[in-house]
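These are the residues of each chain, in order.
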Amino acid sequence: MDIPQEDTRHYSALYHLLTAMAFCLPLSIALAEPLAFLCILLWIVVAARTKRLRSALHSPLFGPVAAFVLIAVVVSLFGVRPAQSIRKFHRLALPLMIFVIAEVADAKREGTGVLPRLVIAFITGTVLLGVYDLVRVPIQVWQGRSWFDTGNMRDPQFYLVALGFLCAYVLFGDRRRRAPWMALFIALAGLILHFKRGVWFSFLLGISGLAVVVRKWKLVALVVLCAGLILLIPQVRERIGQINDEFRLGQGGRVAIWTRVVPALLSQHPLGMGFCAIRHEDLAAYAPYIQPKLSHLHNNLFQVVVETGWPGLAAWLAWMSTTWMLLLLLSREPDDPPSPRKWIACGAFSAFTGLMVNGLVESNFSDTEILMLLCLLMGITSALWTSRTTPDSAS
């Protein structure tokens, strides 16, 4: 369908807004989230004018996304805290970003390279975050703070995704360029400095999974070598040694939540408590000790089923598994002729796998920043899938 000149300018504006959102996402949710909603609003207006809104219906992700959102809304309205859930309903609009990205990539296909530039914008923002952490963390340690208290759970997952794309670029892109290698080093340093064991293992599994899928066995050896070298850092060994704390009920760790809290909440609320309806007191009522202010279950599967019930979990699993299968198929496409499609698909596969693995020990889907990050990856997935019949286009 031909797009009127005026709407072409609107899609160009959308493209620039998406690029700005991808750049800001690792740096500031206060900037990235308004940009995301502005993109969604503008897309709805433009798509309605051009009658391209229905193109979202052709995405393999539309059905699972719609089913999950519908179930989450219905369960929340009849849940334990409807008012609290309704205040978080804006998060359920963020998955529309998937279709915004796919639509803009399709509308601006003529040699613009939407997806490569979107990924590069995200990597650039993550590298700037890494430079900041490389300065911030040593200063805080010098001021007397523990290495393990300088990090957070959010930022390492940005590094994980950026590393997935960078490793894929090194495999299938131009290895002679220095910038990707510098960015890879900074992102890896940032990943290590946050001392989050779950993200470490998730990154290793994501990259190893990619190596197996594309049959790059040297990458597996390189991953093993890098892991061995990282283990030479005393703080890394100490942090890994602390993993036993998670298995002590008295520490209020993950095992206490998974074995005490989750079964009790499921038995009491079999149809779900409602989207984002869980509070700290709900957890503290069923375990001897829960970390102060903690209001999530440290596991995406448990979080989704407790919030939205078994139907919600089924829809969520269909959504995530469909995305993963699409990325798997895209990663296996032959790289002939060479194009950015290959490294983008492989990078997204590694990144998405890593985030899903990390979601087994951290409720990252309930974090707005990581939900937006997942939607970014899913939008890239949908765009690659719908454009797979045009191999000369990366967007």
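Below is a summary of the structure that appears in this document. (Residues numbered from 1 in each chain as written. Predicted model: local features only at pLDDT ≥ 70, side-chain atom pairs only at ≥ 80, totals over all residues. Heavy atoms only, no water.)

For the structure shown, the criterion picks out two cavities of 30 Å³ or more. Size it by volume and the largest cavity reaches roughly 60 Å³. If you go around the largest cavity, the residues you meet are F68, F275, N300, Q303, V304, E307, T308, F365 and S366. Among the elements that line the lining of the largest cavity, the one with the most residues is helix α14 (residues 300-331), at five residues. Classifying every residue of the lining of the largest cavity by side-chain character gives four nonpolar, four polar and one charged. (1 Å grid on protein atoms, 1.4 Å probe; cavity = no way out; pocket = protein on both sides within 12 Å on 5 of 7 lines; lining within 4 Å. Points joined across faces, edges and corners; volume = space filled by probe spheres on them. Helix = DSSP H or I, 4+ residues; strand = E, 2+ residues; numbered from the N terminus. Nonpolar A, V, L, I, M, F, W, Y, C, P; charged D, E, K, R; others polar.)

Right, let's get into a nonpolar patch on the surface. Taken together, L70, V74, L77, F78 and I86 make up a surface patch of nonpolar side chains, about 530 Å² in accessible area. Looking at the nonpolar patch element by element, the count peaks at three residues for helix α3 (residues 62-77). Turning to its location among the elements, F78 is positioned in the loop between α3 and α4 (82-86). (Patch = residues over 30% accessible without salt bridge, like charges linked within 9 Å, V, L, I, M, F, W, Y side chains within 5 Å. Areas by Shrake-Rupley, 256 points an atom, 1.4 Å probe, with all protein chains shown as cover. Salt bridge = Lys/Arg side-chain N within 4 Å of Asp/Glu carboxyl O.)

There is about 640 Å³ of room inside the second largest pocket. Lining the second largest pocket are 25 residues, and of these C167, F203, L222, V223 and C226 sit closest to its centre. Examining the composition of the lining of the second largest pocket, we find that seven residues originate from one element, helix α10 (residues 217-230), more than from any other. Looking at the lining of the second largest pocket residue by residue, the class counts come to 22 nonpolar, no polar and three charged.

This paragraph deals with the state of the cysteines. For the structure shown, the criterion picks out zero disulfides. A disulfide-free cysteine, C39 has its sulfur positioned 11 Å from the sulfur of C24, the nearest such atom. Residue classification places C39 among the buried residues on the basis of a relative accessible area of 0%. For the unlinked cysteine C276, the closest cysteine sulfur is that of C375, found at 13 Å. Taking relative accessible area as the criterion, C276 reaches 13% and is therefore assigned buried. (Disulfide = S-S within 2.5 Å. Buried < 20%, exposed > 50% of the residue type's maximum accessible area, 1.4 Å probe, protein only.)

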